[in-house]
Amino acid sequence: MLLLLPGLLFILWGEPARCLEENGGFPFDGHIRHFAVAANTVYVATEERLYQLSHDLTLVQSVSQRGILTGSDQTNDAHFSRVAETDERNATFGVNILLPFVENDALISCGVIECGYCEVLDLKNISNVLYREHIQVGSPWTSSASIGFLVDVEQKSTETYILTANQQYEPQYEPAKKSCSLVREAVNLHNANHHQKGSMFSLSDAFTTTSIKLCKGNAEFVDGFQINLIIYLFSNLPSSDENNKVRLIWLEGKTSKKETLESLRGAILRVSDGDGGEGSKLLASAVIPGGPPVLWSGVFSVDGGQTNTELVLFDISPDLSGDPDADPDFGTVCPLNTAPTPKTLKPKAVLFRQKYMTSVLAVRQKAWVVFFIGTGDGQLIKLAVDKNYRPTCPRVLYRANDDRQVFPKMLLDQVDLKHVYMPLQSQMKRVPVSDCSTYTNVQDCWSAQDPYCVWCSSHNSCTFEDECRDSDWISIPDDFQAKMVSYRVKDGSGQITLNIQIHLTVGREARSNFACQFSTSEPCSTKSPPPQFPQCTCILSKSTLPAEGLPVTVRFRLGTTQLREELKLFNCSEISGPPTSVLCRRCIEAGCGWSKSGCSWADGGVEDDNSCQMMESGMNFSKPEISSITPSVVSFYGRNHAVLSGYNLSDVTRVRIQADMDCTPHESPVWNHTGVTLTFHIPSANTKGTVNACVLLPDGSCHGNAKIIYQSSPSCTSIVPGSSWISGKRKITLTGSHLDFVDGVMHNHVQEVRPPRNTSHQNLTYDTPAADKKVSSSTLFLKVANETLTCSIMINYYPDPEFTTFTSTRMGNDVRIALQNLSLLSFQKKADKLEMTPAELSVWGVEGGNQYPCIMEAKKNSNETDFFICDILRTPNAEFQHLKVTYGDKTVTLGPPSLLHQVILTLRILLIPFIVLALVIICRWQKRLTAETNAL
């Protein structure tokens, strides 16, 4: 009834500047469609804007791709004019091809408005449109597996054309664009300037028009480029009834468009013998600078999707010995009879396996090739490969906190050649190719195995070679070496010879000042040859070695750099015993050779201690087994107190965690052994993805194989409700991603970590901590393993609600309770901001020492007063002595309303009919007065 009076009264009386980010990135207004680099400028086409940036990603200018389209493409009177972002528009220019034509100072931009549309822009000022035409160049669809790039064709003078390779659909799957004039052929050559035969963007060549057709099925083009005069095109040929086939096409850029396209020859790329040349799918590609031979790397999906991916190296040097234009899949004229099967190319090496690889860039650095690999979960990984195609340890250069996919194309900064442009959906990153300065001594600089880094003696620092003022520097060798110094001990002709080799590449000054000095109790014989980089030899003066070993110190001088190596030599024939992994490692560490027959002098046997890992330790331990790890999916910050379950775990000392190609595994100590379970901390990781876990025994052997998956870090985007009462323990729901990895929530006004009540991938609930009355707001933080992450969300604190009175009304067998919640004096508005819901209250009616639960039904608001309605079911009492109200961690008790309050309530109820009657009379009087006025 208290709600009725105010309700009746209310009814009756109421008639873009952008800036460089700290991490070297530039954010855009929409997703990136295409980007290109020319000299010192980066051009980026997004869904609705075209950007011109300097090489360091500082904005030069941007233009809108939105505008007004008038006229008809069919009558050649169509016209597209750009408009401001706030103006109305009816068309958006979606860019499919973006080509800087540096020789002509032009930027060619082609794509789709409704039909095909192209613009030629000033390369130095993209707001200046030099030429425009409604014509299809490239794909007629805004989203397709199509490519376009500039190629040179050698004629009387070299001519540059636009080569487009357009995705091909079978007719039943081809999107209908009946109003547009479509170029349906697979590969075309368009004019790139007005001086060539025919008009701008024309396909004609003198008096003919030649194109390459797809003879059957579908085609998705992935990449293309030109080296010298040979053009390379890569495509997938998917089929509904067969596995995918990866095709390579060679074209010779010579004489004319017609001759170039008719020079077609091709090959099939087979990733493994198991797929029969089919099944794998090409996702991204990068040619390796240098050659011949022409080396090329491709990211292939090997599981039919995009999860299991491999980086594969091929030699794609063109084979021009076969008949041209006689391919079964592509041709200027499709063959009537069965064409010969193209040759099959097999990989030279599988360089890297990593889930979700999406892009690759290859750069040659001296004898090494450095690959920059983008992933679907926002990582940039660097992989250096030596001249023998042996990779070093992969290193993560950039790791996004979320799962934004890296664009299929990455490019190198052409100004300094020391940064990679890495597109991430709506953001461009400029990531350094190396951070040499983080390595503070010569050993760390070498151990990084980074072809970009040298130890500069004049600077006494690790740096890029071009930043070292003189030639007094050292770096890694041309091939991968696990250690900077290796040595072998030989026994021949009655003398023991120690051969030392230092694995370095050095500058001219360092090489000319190379020296070695041996310090040992058995001096080197005068017959020892002089040092000659990279080797030093010491012939010992005695023909025997002491049983306890002979310590040897070797000092190297390379220019002004001093190196030191400590060795201990043993008699190889005396290192004997059962062939165990421990004995094998001892033999190889002594500079001896290991074979099936045991340890011997270094004239034979293996020299790599990796072979020792496959041997039994010789110690008596029960072989442990791993059943599971909980949790097995964590953020890249790791997880504390993980539980490993299995059998025979009593002797386990540590858990080793290692990725497939990780050279530096992590090892975590264990505790709480029960024989079938143990506890350990899952360490943080530099990369996202799957790693292997095994358990270590005291002999160094590792057993079992379990998987741990590292994913992105948690993030939060919103909070409901956005406030808490001062006393705390209000239930709060956070929304975001990967919230199931959160160990707890912290507020900046207290150090307490609040554990989650419930978690899922997108939601987390927890109870707020109490706050001092002086606290008005608090920032949230997420506790993940040993890290504290900023949530960037504020929560407001308001005074606790005050429940003032209640009334009870008999309704059949039940009793309805009306509970009044008022603000405290001057805090009248703050109580409303709490937005307390009935679900946050627990209410009981108290009578004669008994408590009767009151079921919450509704909440209503009037005059800055909240009314909560609840029902006590099947109770004989209509009046209650007290009402007990609980919210959060606090309980308040209310007495019945006072006599004065009951009298006022009664008067309010009695006045309602009289007020209604008075208002009706007033309305009728107003109507009669209006009628009399109209009559006059």
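Please read all numbers here as calculations on a predicted model, not as lab measurements.

J.: It is not clear to me how the overall build of the protein should be interpreted in this structure. Could you clarify?
T.: When helices and strands are counted, the protein shows 7 helices and 71 strands. Every one of the 936 residues in the protein was classed for burial, and the buried ones make up 47%. Working note: accessible area of the protein is about 45,000 Å², and carbon and sulfur atoms make up 50% of it.

J.: Can you help me understand the side chain of Thr497 in this one?
T.: Mapped onto the fold, Thr497 is located in strand β40 (residues 495-502). Residue Thr497 is classed as buried on the basis of its relative accessible area, which comes to 15%.

J.: Which parts of the structure should I look at to understand the pairing of strand β2 (residues 32-38)?
T.: Residues in a regular strand point their side chains to alternate faces of the sheet. With 5 of its 7 residues buried, β2 lies for the most part within the structure. Where β2 lies against strand β3 (residues 41-46), 6 bridges are found, and the strand directions are antiparallel. Looking at the pairing, Ala36 lines up with Tyr43 of β3. Between β2 and β3, which pair antiparallel and follow one another directly, the connecting turn spans 2 residues, one of which, Ala39, has a positive phi of 55°.

J.: Can you help me understand the pairing of strand β23 (residues 281-287) in this one?
T.: The buried count for β23 comes to 5 of 7 residues, which makes it a mostly enclosed element. Judged from the 6 bridges that link them, β23 and strand β24 (residues 295-301) form a sheet pairing that is antiparallel. Bridge pairing links Val287 to Trp296 in β24.

J.: In this structure, what is going on with the state of the cysteines? I would like to understand it.
T.: Applying the stated criterion across every chain yields a total of 12 disulfides. Here Cys110 engages in a disulfide with Cys118; their sulfurs sit 2.0 Å apart. Across the disulfide from Cys110 to Cys118, rotation about the S-S bond amounts to roughly 120°, and the bridge is consequently right-handed. Accessibility classification places Cys110 together with Cys118 in one group, the buried group. Disulfide pairing places Cys854 opposite Cys870 at an S-S distance of 2.0 Å. Where Cys854 bonds to Cys870 through sulfur, the torsion about that S-S bond is close to 100°, and the disulfide is right-handed. Here Cys870 lies in strand β69 (residues 865-872) and Cys854 lies in strand β68 (residues 850-862), a separation of 16 residues in the sequence. Each member of the pair Cys854 and Cys870 is classed as buried.

J.: Where do I start with the sheet that holds strand β6 (residues 66-70) in this structure?
T.: Sheet strands line up and pair through hydrogen bonds in the backbone, either parallel or antiparallel. Pairing is antiparallel across the open sheet formed by 3 strands, whose spatial order is β7-β6-β8. A strand with exactly one partner marks an edge of an open sheet, and here the two such strands are β7 (79-82) and β8 (91-92). Here β6 pairs with β7 via 4 bridges, running antiparallel. The residue of β7 that forms the bridge with Thr70 is His79.

J.: Would you mind showing me how to read the packing of aromatic side chains here?
T.: Aromatic ring pairs: the centre-centre distance and the angle between the two ring planes describe each pair. Across all of its chains, the model carries 20 aromatic pairs by this definition. Centroid distance Phe35 to Phe407: 6.2 Å. Interplanar angle 65°. Geometry classified as edge-to-face. Residue Phe35 is located in strand β2, and its partner Phe407 is located in the loop between β32 (395-399) and β33 (411-412); the two are separated by 372 residues in the primary sequence. Using a relative accessible area of 17% as the deciding quantity, one classes Phe407 as buried.

J.: What is the right way to read the environment of Ser627 from this model?
T.: Looking at the secondary structure, you find Ser627 in strand β48 (residues 625-630). Separated by 20 residues in sequence, Ser627 and Tyr647 have C-alpha atoms that sit 7.8 Å apart. Aside from chain neighbours lying at most four places away, what touches Ser627 is Ser645, Gly646 and Tyr647.

J.: Help me understand the sheet that holds β48, please; the structure alone is not making it clear to me.
T.: Taken together, 8 strands build an open sheet; the order of strands is β48-β50-β53-β52-β51-β54-β55-β49 and the sheet is mixed. The open sheet has two free edges, formed respectively by β48 and β49 (633-635), since each of these has just one partner strand. Within the sheet, the average angular offset between the axes of one strand and its neighbour, ignoring direction, is 35°. Bridge count between strand β50 (residues 639-647) and strand β53 (residues 677-682): 5 bridges; the pairing is antiparallel. Each residue of the ladder has a partner; that of Val643, found in β53, is Thr679.

J.: Would you mind going over the pattern of salt bridges with me for this structure?
T.: When their charged atoms lie close together, side chains carrying opposite charge are able to pair. Under the defined criterion, the tally for this structure stands at 29 salt bridges. A salt bridge links Asp402 to Arg404; the nearest nitrogen and oxygen atoms lie 3.1 Å apart. A residue is classified by how much of its surface remains accessible, and Asp402, at 30% relative accessible area, is partly exposed. When salt bridges that share partners are traced, they join Lys245, Arg247, Asp327 and Asp329 into one network.

J.: Please explain unusual backbone geometry as it appears in this structure.
T.: Peptide bonds are trans in most cases, and residues, glycine excluded, mostly fall at negative phi. Cis geometry is adopted by the peptide bond preceding Pro534, which originates at Phe533 and carries an omega value of 10°. Along the polypeptide, Pro534 turns up in the loop between β42 (514-520) and β43 (535-539). The linkage connecting Thr630 with the following residue, Pro631, adopts the cis geometry, with an omega of -5°. Turning to its location among the elements, Pro631 is positioned in the loop between β48 and β49. The phi angle at Tyr389 is positive, at roughly 65°, despite the residue not being glycine. Along the chain, Tyr389 falls in the loop between β31 (379-385) and β32. Residue Tyr389 is classed as partly exposed on the basis of its relative accessible area of 28%. Of note in the backbone geometry, Glu835 takes a positive phi value of approximately 50° without being a glycine.

J.: I tried to follow the nonpolar core on my own but got confused; where do I start?
T.: Considering soluble globular proteins, one finds that nonpolar side chains tend to be buried as a cluster. Among the nonpolar cores identified, the biggest contains 71 residues, and Phe372, Leu498, Ile500, Ile502, Leu504, Phe556 and Leu558 are the most heavily contacted of them. When residues in this core are grouped by element, the largest group, 5 residues, is from strand β44 (residues 550-558).

J.: Please explain helix α5 (residues 581-589) as it appears in this structure.
T.: Restricting attention to buried positions, one finds in α5 the residues Ser581, Leu583, Cys584, Cys587 and Ile588. The buried residues of α5 occupy an angular sector of 160° when projected down its axis, which confines them to one face. The elements touched by buried residues of α5 are β46 (593-595) and β47 (598-600). Taken from the residues just after α5, Gly591 is the one with a positive phi, measuring 85°.

J.: So what exactly am I meant to see when it comes to the confidence of the model for the protein here?
T.: Residues shown with low pLDDT carry predicted positions that ought not to be read at fine detail. For the protein, per-residue confidence averages 85 on the pLDDT scale, and residues scoring 70 or more make up 88% of the total. Per-residue pLDDT stays below 50 along residues 1-22; that stretch engages in 33 contacts with residues further than four places along the chain or on separate chains. A low-confidence stretch, residues 172-176 (pLDDT under 50), is modelled with 6 contacts involving residues beyond four sequence positions or located in other chains.

J.: What is the right way to look at the environment of Thr142 in this model?
T.: For Thr142, the location among the structural elements is in the loop between β12 (125-133) and β13 (147-154). Residue classification places Thr142 among the partly exposed residues on the basis of a relative accessible area of 42%. For the pair Thr142 and Ile113, spaced 29 residues apart in sequence, the C-alpha to C-alpha distance is 8.7 Å. When neighbours within four sequence positions are excluded, Thr142 is seen to be in contact with Arg33, Asn96 and Val112.

Rules used throughout
Residues numbered from 1 in each chain as written. Predicted model: local features only at pLDDT ≥ 70, side-chain atom pairs only at ≥ 80, totals over all residues. Heavy atoms only, no water. Helix = DSSP H or I, 4+ residues; strand = E, 2+ residues; numbered from the N terminus. Buried < 20%, exposed > 50% of the residue type's maximum accessible area, 1.4 Å probe, protein only. Areas by Shrake-Rupley, 256 points an atom, 1.4 Å probe, with all protein chains shown as cover. Pairing = 2+ DSSP bridges. Disulfide = S-S within 2.5 Å. Phe/Tyr/Trp six-rings, centres within 6.5 Å; stacked < 30°, edge-to-face > 60°. Contact = heavy atoms within 4.5 Å. Axes fitted to C-alpha atoms, helices over the stretch in contact; angles between N-to-C directions. Salt bridge = Lys/Arg side-chain N within 4 Å of Asp/Glu carboxyl O. Core = buried A, V, L, I, M, F, W, Y, C linked by side-chain atoms within 4.5 Å. Arc of directions from axis to C-beta. pLDDT = per-residue confidence, 0-100.

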